[in-house]
Amino acid sequence: MIGSILATWVLAFLALLLQSTWLQTVAIAGVVPDLALLVILWVSYGNSRAEGPIAAFLAGVAFDFLSSGPVGFGPFIYTLAAWVASLLHGSIRMDRIALPLVMGFVGTLLKVLGSGILEVLFGPDKVTARSFADFGVWIEAGLNALLAPLLFLALGSMKRWLITEEHRR
Amino acid sequence: MANQAAKGGFRPGRIVPPLLLVLSFFLVSLSTGSLKGLPKRIGMTVSGGFQKGFAAIGQAVSGSVSYIGGLKDLNEQYTELARKVERYANLEREYANLRAENDRMREQLGYSKGGTSRLIPARIVAKDPGNMNSGFVIDQGSADGVRKNMPVVAFQNGIEGIVGKVAETGEGSAIVLPLYDSRLFVSARLARTRYEGLASGQGGLQKPLILKYVSKLAAAEVQFGDMVVTSGLDSIYPPDISIGRVREVVLPEFQSSADILLDPALDLGKLEFLFILDASSDAAVSTTAAAATQAPGSTKEVAE
């Protein structure tokens, strides 16, 4: 369990570093895909209800250290998405295209929803939320949806590190 | 117990996600409350190093590629630069003469000589990783004299404009909150009519800035293209630094003041280098073109 959480966190942290540096040069309308979110969604789906959200929480802390948001913002939005993904575990079968696509898209919207909840609770002067009316949200959702099948396929080859033995069977 | 869990009884794993969400709330409260910034500073110091490393590798790779490509033009550029240096030497002499003349005139007019402003040049090394916040990371931190809430300026096409302020500092990096972030407020005034207001962003680079609390009567005098500058009334930003130009005046029906939409004075999407203004010298900003072209990584004293 700890190994899976650590491996997920390292992968998500690397993805966040990529997102904040190299991927900025290929951003579309200033928007980069959230690879860390996709990693978290895949791991949360593949594991039980604890590993994914814990890894998401830790990845969220790393997210906050790299961004201008308050500490706790990243953990909240990533844990929320991870929780929902973990609920799918065992109830919907993973395929190559459709489910990854939907997970990438809906996961992004959950992230935005989470930021909205925090803005309502803490006020816009403390937390900035993105609006669903913001075109960038839909660009990101589209990018994440398109990249999810590819990334999930690649993550499949790292199953032994990211998914606990119990769930690999 | 294990059997019970397998049969759908109490499973500790089920309560982990809600617990983590509660913990996240607690962290947000903590970081926006009295202990604000402490966890962030510690984390930033660690992660900032990684971020700078990644940015440096990226820059090294792209730099090497462009260096090889640009080798052919190097000779031509050298000749051109030599000519420029000669021209700048002449300009410098002229500048020294004008400066001396200016000092004499100031003295005659009885103005007191201003202090100095310390500009800390910095390079943007990373941006927000998840498109959720608008801050960007710079390569100068508390070890270089950068402190929280220091104003950040930049130069574009000969215009000095406000970029934002330092939101958090790590040892070797800092996060800048840009002007278009809705959490940033700048005390401003219209440069021509001198009416005051409060400028802030609307959360997105594509969205205009907004100047609030300008009375409707005062707004009647506002013209399209009027420059809005910092008023210097808050304790963060020195006066007369460009913020933006008037794009549109909105007069909400049930409001006593107007909302003035502004186009930022700088193209904030194109920024690479910027300057942190060390307000500890307590001086109005007066910068020179030389300061604007100074290489990052060092500091410069700029005379008022």
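Note that the coordinates shown come from a computational prediction; the quantities given were computed from them, not determined experimentally. (Residues numbered from 1 in each chain as written. Chains lettered and ligands numbered in written order. Predicted model: local features only at pLDDT ≥ 70, side-chain atom pairs only at ≥ 80, totals over all residues. Heavy atoms only, no water.)

Some points on the overall build of chain B
Phase 1: Scanning chain B from terminus to terminus reveals six helices and 13 strands.
Phase 2: When each of the 304 residues of chain B is scored for burial, the buried share is 41%.
Phase 3: Residue pairs at least 24 apart in sequence account for 58% of intrachain contacts in chain B once pairs closer than 6 positions are excluded.
Phase 4: With the model as given, the accessible surface of chain B reaches about 16400 Å², and the carbon-plus-sulfur share is 56%. (Helix = DSSP H or I, 4+ residues; strand = E, 2+ residues; numbered from the N terminus. Buried < 20%, exposed > 50% of the residue type's maximum accessible area, 1.4 Å probe, protein only. Contact = heavy atoms within 4.5 Å. Areas by Shrake-Rupley, 256 points an atom, 1.4 Å probe, with all protein chains shown as cover.)

Digging into a nonpolar patch on the surface
Residue and element names in this part refer to chain A.
Phase 1: On the surface, a cluster of nonpolar side chains totalling about 980 Å² of accessible area is made up of Ile97, Leu101, Val102, Phe105, Val106, Leu113, Ile117, Leu121, Phe132, Phe135 and Trp138.
Phase 2: When contributions to the nonpolar patch are tallied by element, the ones reaching two or more residues are helix 5 (98–122) and helix 6 (135–156).
Phase 3: The dominant element in the nonpolar patch, judged by the number of residues it contributes, is helix 5, at seven residues.
Phase 4: The residue Leu113 is located in helix 5 in this model. (Patch = residues over 30% accessible without salt bridge, like charges linked within 9 Å, V, L, I, M, F, W, Y side chains within 5 Å. Salt bridge = Lys/Arg side-chain N within 4 Å of Asp/Glu carboxyl O.)

Here's the deal with the nonpolar core
Phase 1: Counting residues in each nonpolar core, the largest one holds 45 residues, and the members touching the most others are Val163(B), Leu211(B), Ile243(B), Leu274(B) and Ile276(B).
Phase 2: With near-sequence residues (within four places) excluded, Val163(B) lies in contact with Phe136(B), Val152(B), Val153(B), Ala154(B), Leu177(B), Pro178(B), Leu179(B), Leu266(B), Leu268(B), Leu271(B) and Leu274(B).
Phase 3: Of all hydrophobic cores here, the second largest spans 42 residues; its members include Ala15(A), Leu38(A), Ala59(A) and Leu155(A). (Core = buried A, V, L, I, M, F, W, Y, C linked by side-chain atoms within 4.5 Å.)

Brief notes about the environment of Glu80(B)
Residues and elements named next belong to chain B.
Phase 1: By secondary structure assignment, the location of Glu80 is in helix 4 (residues 74–109).
Phase 2: Classification of Glu80 by relative accessible area gives partly exposed; the value is 34%.
Phase 3: One polar contact links Glu80 to Arg83, side chain to side chain, over a distance of 2.7 Å. (Polar contact = N/O pair within 3.5 Å; in protein donor to acceptor, adjacent residues only side chain to side chain.)

Details of the domain arrangement of chain B
Note on interface size: it is often stated as the accessible area lost on association of the parts.
Residues and elements named next belong to chain B.
Phase 1: You can read the domains of chain B as domain 1 (42–114) and domain 2 (119–281).
Phase 2: Computed from C-alpha atoms alone, the centre-to-centre distance between domain 1 and domain 2 is 23 Å.
Phase 3: Contacts between the two partners involve seven residues from domain 1, matched on the other side by 14 residues from domain 2.
Phase 4: For the pair domain 1 and domain 2, the summed buried area comes to about 760 Å², and 64% of that belongs to carbon and sulfur atoms.
Phase 5: Among the residues of domain 1 in contact with domain 2, Met44, Gln51 and Lys52 are the three that bury the most area, contributing 65% of the side total.
Phase 6: For the pair domain 1 and domain 2, the number of links is zero salt bridges.
Phase 7: At the surface where domain 1 touches domain 2, the tally comes to zero residue pairs in polar contact (both at pLDDT 80 or more). (Domains from an automatic or database assignment. Buried area = accessible area lost by both parts, 1.4 Å probe.)

A few points about the interface of chain B and chain A
Phase 1: In this complex, chain B contributes 44 residues to the contact, which on the side of chain A involves 50 residues.
Phase 2: Together, the buried faces of chain B and chain A total about 4200 Å²; carbon and sulfur atoms form 70% of this surface.
Phase 3: Among the residues chain B hides against chain A, the three largest losses belong to Phe54(B), Pro129(B) and Met132(B). Together they make up 18% of the total.
Phase 4: At the boundary of chain B with chain A, the tally comes to zero salt bridges.
Phase 5: Of all the secondary-structure elements, those providing two or more residues to the side of chain B that touches chain A are helix 2 (12–32), helix 3 (38–70), strand 1 (116–127) and strand 5 (174–178) of chain B.
Phase 6: The element contributing the most residues to the side of chain B that touches chain A is helix 2 of chain B, with 15 residues.

Focus on helix 6 of chain A
Spacing of three or four residues puts side chains on the same side of an α-helix, whose turn is 3.6 residues.
Residues and elements named next belong to chain A.
Phase 1: Across its 22 residues, helix 6 extends 32 Å between first and last C-alpha, which sits within 8% of the 32 Å expected from 1.5 Å per residue.
Phase 2: Taken residue by residue, helix 6 has Gly136, Val137, Ile139, Glu140, Ala141, Leu143, Asn144, Ala145, Ala148, Pro149, Phe152 and Leu155 as its buried positions.
Phase 3: Next to the buried residues of helix 6 lie helix 1 (2–20), helix 2 (35–46), helix 5 and helix 7 (159–162).
Phase 4: Near the N-terminus of helix 6, the side chain that reaches the backbone nitrogen of Gly136, with its oxygen 2.9 Å away, is that of Asp134. (Expected span 1.5 Å × (residues − 1).)

Quick word on the layout of surface pockets
Phase 1: Size it by volume and the largest pocket reaches roughly 890 Å³.
Phase 2: Breaking the lining of the largest pocket down by element, the ones donating at least two residues are helix 6 of chain A together with strand 1 of chain B.
Phase 3: If one sorts the elements of the lining of the largest pocket by residue count, helix 6 of chain A sits on top with three residues.
Phase 4: A class-by-class count of the residues in the lining of the largest pocket yields 15 nonpolar, 15 polar and six charged. (1 Å grid on protein atoms, 1.4 Å probe; cavity = no way out; pocket = protein on both sides within 12 Å on 5 of 7 lines; lining within 4 Å. Points joined across faces, edges and corners; volume = space filled by probe spheres on them. Nonpolar A, V, L, I, M, F, W, Y, C, P; charged D, E, K, R; others polar.)

Notes on the pattern of salt bridges
Phase 1: Under the counting rule described, the total for this entry stands at 13 salt bridges over all chains.
Phase 2: For Asp240(B), the salt bridge goes to Arg194(B), with nearest N and O atoms at 3.9 Å. In this pair, Asp240(B) sits in the loop between strand 9 (227–230) and strand 10 (242–250) while Arg194(B) sits in the loop between strand 6 (185–190) and strand 7 (196–200), placing the two residues 46 residues apart along the sequence.
Phase 3: Asp267(B) serves as the salt-bridge partner of Lys270(B), at 3.9 Å between the closest nitrogen and oxygen.
Phase 4: Because the salt bridges share partners, they merge into one network encompassing Asp34(A), Lys111(A), Arg130(A), Asp134(A) and Glu140(A).

A word on the pairing of strand 9 of chain B
All names here are of chain B.
Phase 1: Direction of pairing for strand 6 relative to strand 9: antiparallel, over a ladder of three bridges. Bridged to Arg189 within strand 9 is Val229.
Phase 2: Here strand 9 pairs with strand 10 via three bridges, running antiparallel. Following the sheet pairing, Val228 is matched in strand 10 by Gly244. (Pairing = 2+ DSSP bridges.)

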